[in-house]
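Now for the letters of each chain:
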Amino acid sequence: MTHSTHSDPSAISTDGLTKTYGATTVVDDLTVRVPTGSITGFIGRNGAGKTTTLRMLLGLVTPTSGTATVLGEPITAPNRYLPSVGALIEGPAFHPALSARDNLRVLTRVGRLDDRRIDDVLDIVRLTDRADDRFRSYSLGMKQRLGLAAALLPAPTLLVLDEPTNGLDPPGIADMRELLVDLAADGTTVLVSSHLLAEVELICRHLLVIESGRLLYQGPVEGLTDSHEHRVVLAAENPSDHERLANLYRANGLLVDRRRDNTLLVEAPEGGSARLNLIAAVAGITLERLESETTSLESAVLELTHHTEGVFS
Amino acid sequence: MIAAMRSELIKLSRRTSMIGTGLATIAIAGLGTVVPYLTDTSGGGGPLARTSGATGPAALATASGSVQGVVDVSKLLGVVVLVLAALAVTNEYTYGTLKNSLVRHPDRPSLLRGKIAAIALNATALAVLAVVAGFVVSLIAGSINGTDMSAWTSAAGLGEIASALGAVLVSNLTFACLGVTLGVLLRSPALAVGIGLGWILIGEQLVGSLTSFSDWLPGQLVSGLGSGTTDIGLASGLIGVTVWIVGLVLIATAVFTTRDLDT
């Protein structure tokens, strides 16, 4: 399908990757790059094609067309790169009657890994105390942590995680976040699929956004959040001045909204806050509040997907 | 393949699985020995085990008396292995664990060979257990009845025990491959076990009544080899069994290797 591209600095690289099932195209001509050493968020609503893409990258599903490389090796030869890849796909899957330790031993044996690694990863995910309990007795969060432990068994250089925070409580999510950041700091490339955009925004520096199998955006998080109009929230010392102030800004060609919290939202060019302040000062209006409104990833992605078919489910 | 086999053995050595299959095997072997002894039914001489057509209490005194009952129920013993094999494969799909194994061991033919090897080891252990159970039950029955069991320890008697082990082993291995193949094809525990049992216990009889090659169907073949209910000779029978095993493994490998793991 493709040849090894050792010169490609990307940990993952796809070109026109496509998967169809009958008449349905699940992944459509996907061309993306995942930078080595980054934490990349892979986002899109349910059914957008994220999991199918990940399965193709892991050699579980054969693409209908297109090519891809993982760690410089073609996905047609998964035995060359999977020993360096850890993965948690579509939730933790283990044998319910086996203990956590035995479930991990199943994987160390089939992957020819050192059994001593089991204790290491159980310690990382804080399951050592429950290591000999059956998997079926675990809570959802514990199962998720065991799934992460399994992904960490090979001490991977690429970690592929599909919705890793599902079922985790807030401290568990924070632990997961800290772990991923630490792994990336040590040089591990992390590709994390999630629909929790706030979480993605906290840890990811790079983004892939897909919708209906098609790529909507790839690049740094800031590239998505900063591509929108700069917004400034302001409030006059005397709220009765808001009407006059809004008219002044409109007269200067700016878009103004009055908000329910008795503030004004003004869309202004980057660095426009000084001008807004000047306009108010010239009119004799004192501003009590003047601050930039950060565009969240969630609103940016929502806006991006609104331009296609809808919003995340 | 060795790595995959060692991994599979962890799953197969679960206590509940071992106790369940072990008890089922002992029960079938025990009943297979006791029931003919009590009911004194007639039988014929099979190529793998029997040297005598004697039945009931008289059969116990023959060289094959210690294991005759086990050989007669080799098909039922094989059904236990079929269920074990089918569940070993389909549970991977049900639990979603196959993707974990394939990420750690992407060589699919090797992974399947390892799984089959582990199941075959288990099937071998169950065959030994069945023969031992049959022997013990025969020993108890013979002791109660005051039967002369000296023929059991003669050269012919020991040969009968070896032949019985061979017959049960051949049956178990054939059914193991059938279970694996059904598991790979159907991916559902209920479907694989249901269709497997339906075919062995009912389907083959129906097909056999409509065709002239019923003796070559897998269940009939392994059963006939042991119990002597077929005209097929030992050599031809073993060739037939080999063809079935190889064919089933090839089908399972082809499907397992090429099919997307998309669920």
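Below you will find a few notes about this structure.

About the thresholds
- Residues numbered from 1 in each chain as written.
- Chains lettered and ligands numbered in written order.
- Predicted model: local features only at pLDDT ≥ 70, side-chain atom pairs only at ≥ 80, totals over all residues.
- Helix = DSSP H or I, 4+ residues; strand = E, 2+ residues; numbered from the N terminus.
- Buried ≥ 20, exposed ≤ 12 C-beta atoms within 10 Å, placed from the backbone.
- Contact = placed C-beta atoms within 7 Å.
- Pairing = 2+ DSSP bridges.
- Axes fitted to C-alpha atoms, helices over the stretch in contact; angles between N-to-C directions.
- Left-handed = near helix turned anticlockwise from the far one by under 90°.
- Nonpolar A, V, L, I, M, F, W, Y, C, P; charged D, E, K, R; others polar.

Considering the overall build of chain B
For chain B, the helix and strand inventory stands at eleven helices and zero strands. When its helices and strands are written in sequence order, chain B yields α-α-α-α-α-α-α-α-α-α-α. Every one of the 263 residues in chain B was classed for burial, and the buried ones make up 50%. Long-range contacts, defined as pairs at least 24 residues apart, comprise 79% of the intrachain contacts of chain B with a sequence gap of at least 6.

Section: the environment of Leu 122 of chain A
With respect to the helices and strands, Leu 122 of chain A occurs in helix α4 (residues 116–124). When the C-alpha atoms of Leu 122 of chain A and Leu 153 of chain A are compared, they prove to be 9.5 Å apart, with 31 residues separating the residues in sequence.

A word on the sheet that holds strand β7 (residues 85–88) of chain A
Residue and element names in this part refer to chain A. Taken together, the six strands give an open sheet; going across it, the order is β7-β8-β9-β4-β10-β11, and neighbouring strands pair in mixed fashion. Each edge of the open sheet is held by one strand with a lone partner, namely β7 and β11 (214–220). When the angles between neighbouring strand axes are averaged without regard to direction, this sheet yields 10°. Along the sheet, helix α1 (residues 50–57) makes contact with β4 (39–43), β8 (158–162), β9 (189–193) and β10 (206–211), crossing β8 at roughly 150°. Most of the contacts of helix α5 (residues 140–152) go to β7, to which it runs at about 160°, and overall it touches β7 and β8.

Topic: the sheet that holds strand β15 (residues 287–293) of chain A
All names here are of chain A. What the four strands build is an open sheet, ordered β13-β14-β12-β15; its pairing is antiparallel. The sheet terminates laterally at β13 (255–258) and β15, the two strands that pair on one side only. Averaged over all pairs of adjacent strands, the angle between strand axes in this sheet comes to 20°, irrespective of strand direction. One ladder, built from four bridges, connects β13 with strand β14 (residues 264–268); its direction is antiparallel. The partner of Arg 258 across the bridge, within β14, is Leu 264. Docked against the sheet, helix α9 (residues 242–251) engages β12 (230–236), β13 and β14, running at close to 160° with respect to β13. Sheet strands touched by helix α10 (residues 273–282): β12, β14 and β15. Its angle to β15, the strand with the most contacts, is close to 160°.

Regarding the environment of Ser 139 of chain A
Residues and elements named next belong to chain A. Its location among the elements puts Ser 139 in the loop between α4 and α5. Overall, the presence of 11 C-beta atoms within 10 Å leaves Ser 139 in the exposed class. Sequence spacing of Ser 139 and Gly 167 is 28 residues, and the spatial spacing of their C-alpha atoms is 8.6 Å.

Some words on helix α3 (residues 100–110) of chain A
In terms of burial, α3 of chain A is a largely internal element, nine of the eleven residues being buried. For α3 of chain A, the full list of buried residues reads Ala 100, Asp 102, Asn 103, Leu 104, Val 106, Leu 107, Thr 108, Arg 109 and Val 110 of chain A. For α3 of chain A, the secondary structure elements touched by its buried residues are α4 and α5 of chain A together with α1 (2–12) and α6 (98–104) of chain B.

Digging into the packing of helix α5 (residues 74–95) of chain B against helix α8 (residues 155–186) of chain B
All names here are of chain B. For the pair α5 and α8, the least separation of the axes is 7 Å and the interaxial angle reads 30°. Crossing hand, α5 versus α8: right-handed. Considering only residue class, the contact of α5 with α8 consists of 17 nonpolar, eight polar and one charged.

As for the interface of chain A and chain B
With 28 residues of chain A at the interface, the matching set in chain B holds 23 residues. Elements represented by at least two residues in the side of chain A that touches chain B include exactly α2 (78–81), β7 and α3 of chain A. Among the elements that make up the side of chain A that touches chain B, the one with the highest residue count is α3 of chain A (six residues).

Note that all results are geometric; they support no functional claim without further evidence.
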